[in-house]
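# Descriptive structure summary
Residue-level listing of the chains:
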Amino acid sequence: MTTATPEQQQRLLALQQIDSQIRRLQQRRANLPEQQALDENAETLRAVAAEYADAQDALEDQRSIQRKREQDISHLEARRKAEEARLYSGELSTEKQVDAQRAELSSLRQRKSAYEDELLAAMEQIEELEGRVEQLTSRHQELRTKAGELTEARDAAAGDIDAELAERRTERERLAGDVEPPLLTLYEEVRTAQGGTAVAPLEEGTCQGCFLEISVIELEQIKAEAKHGLPRCPHCDRLLVLAAR
Ligand SMILES: [Zn+2]
């Protein structure tokens, strides 16, 4: 058992308390709800940007179809006019030639009509997609504004915690400076081994590190040891300090 006066024991307990506070602050710092909100916002922003890119691509495709069909229609129209002029030019002498020319004109009209349907469909798609792109642009802008606000909120929350952490760390340095080096070394060793808690108060026969009850016989021995040293919890092996009266 490590020798330690009751005063040294209380200093270790105070050091443990401040270290636990520091640990809780660090955990809060790492899991800020403001940071989570910011992360979620960034994810939505990425999804919206991807959707925007898809809509923009689809819009370009439809615009290209529109241009293509407008050209096709214009060419067909020119051809139809030429073929029509030919029909009435008198250069077709037989009934058969006239019929063939009429059939050709009819076929041209059908093709033009089919292209016009496609053009109309593309224009409808363009209108819809332009609306979608506009919607996504303003949604993206909203999310970017929100990201700015959330960043400020995150920085403010983190700043508060950082200020508190700095205060606690100063206090910790002061306390640690009052602990004898061998005790401090032991404290750090046990703290590392025990997931952050080296010293546990003993309250009403229960170790406050593992919350297990200590038997009456062991309790008597621990109390005797605690008069001049640092007993260990028989369950979790942490350093036990009797709660100050
Ligand atoms: Zn214990």
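Bridging between strand β2 (residues 199–203) and strand β5 (residues 239–242) involves four bridges; their strand directions are parallel. From the neighbouring strand, L202 faces β5, where its bridge partner is L242. Two elements, β2 and strand β3 (residues 206–207), share two bridges in a ladder whose sense is antiparallel. Its bridge partner lying in β3, E203 is registered against T206. Hairpin connection between β2 and β3: a loop of two residues separates the two successive antiparallel strands, and E204 in this loop has a positive phi of roughly 50°.

Quick look at helix α4 (residues 181–193) now. Given a rise of 1.5 Å per residue, 13 residues ought to cover 18 Å, and the 18 Å separating the end C-alpha atoms of α4 matches this to within 8%. Along α4, the residues classified as buried are Y187, V190 and R191. Burial along α4 is one-sided: seen end-on, the buried residues are contained in an arc of 105°. α4 presents P181, P182, T185, E189, T192 and A193 as exposed residues on the side facing more than 90 degrees away from its buried surface. Elements in contact with the buried residues of α4: α1 (6–30), β2 and β5. At the C-terminal side of α4, G195 shows a positive phi close to 60°.

With that settled, the discussion passes to the domain arrangement of the protein. Taken as a whole, the protein is organised into domain 1 (2–27 + 180–242) and domain 2 (32–171). The gap between the C-alpha centroids of domain 1 and domain 2 is 68 Å. Of the residues lining the interface, four residues belong to domain 1; the matching set on domain 2 comes to six residues. For the side of domain 1 that touches domain 2, a count of residues per class yields three nonpolar, one polar and no charged.

Between α1 and helix α3 (residues 95–177), the shortest axis-to-axis distance is 10 Å and the interhelical angle comes to 160°. Our classification of the angle between α1 and α3 gives roughly antiparallel. The handedness of the crossing between α1 and α3 comes out as left-handed. Contacts from R11, A14, L15, I18, D19, Q21, I22, L25, R28 and R29 of α1 reach α3 at A158, I161, E164, L165, R168, R169, E171, R172, L175 and A176. For the contact of α1 with α3, the class distribution of residues is ten nonpolar, one polar and nine charged.

L12, Y187, V199, C207, L239, L240 and V241 are the most contacted members of the largest nonpolar core, which totals 17 residues. When residues of this core are traced back to their parent elements, those giving at least two are α1, α4, β2 and β5.

A word on the sheet that holds β5. Pairing is mixed across the open sheet formed by three strands, whose spatial order is β3-β2-β5. What marks the edges here is a single partner per strand, and that holds for β3 and β5. Running at roughly 110° to β5, α1 makes contact with β2 and β5 of the sheet.

Conventions used here
- Residues numbered from 1 in each chain as written.
- Predicted model: local features only at pLDDT ≥ 70, side-chain atom pairs only at ≥ 80, totals over all residues.
- Pairing = 2+ DSSP bridges.
- Helix = DSSP H or I, 4+ residues; strand = E, 2+ residues; numbered from the N terminus.
- Expected span 1.5 Å × (residues − 1).
- Buried ≥ 20, exposed ≤ 12 C-beta atoms within 10 Å, placed from the backbone.
- Arc of directions from axis to C-beta.
- Contact = placed C-beta atoms within 7 Å.
- Domains from an automatic or database assignment.
- Nonpolar A, V, L, I, M, F, W, Y, C, P; charged D, E, K, R; others polar.
- Axes fitted to C-alpha atoms, helices over the stretch in contact; angles between N-to-C directions.
- Parallel < 35°, antiparallel > 145°, perpendicular 65-115°, else oblique.
- Left-handed = near helix turned anticlockwise from the far one by under 90°.
- Core = buried A, V, L, I, M, F, W, Y, C linked by C-beta atoms within 7 Å.

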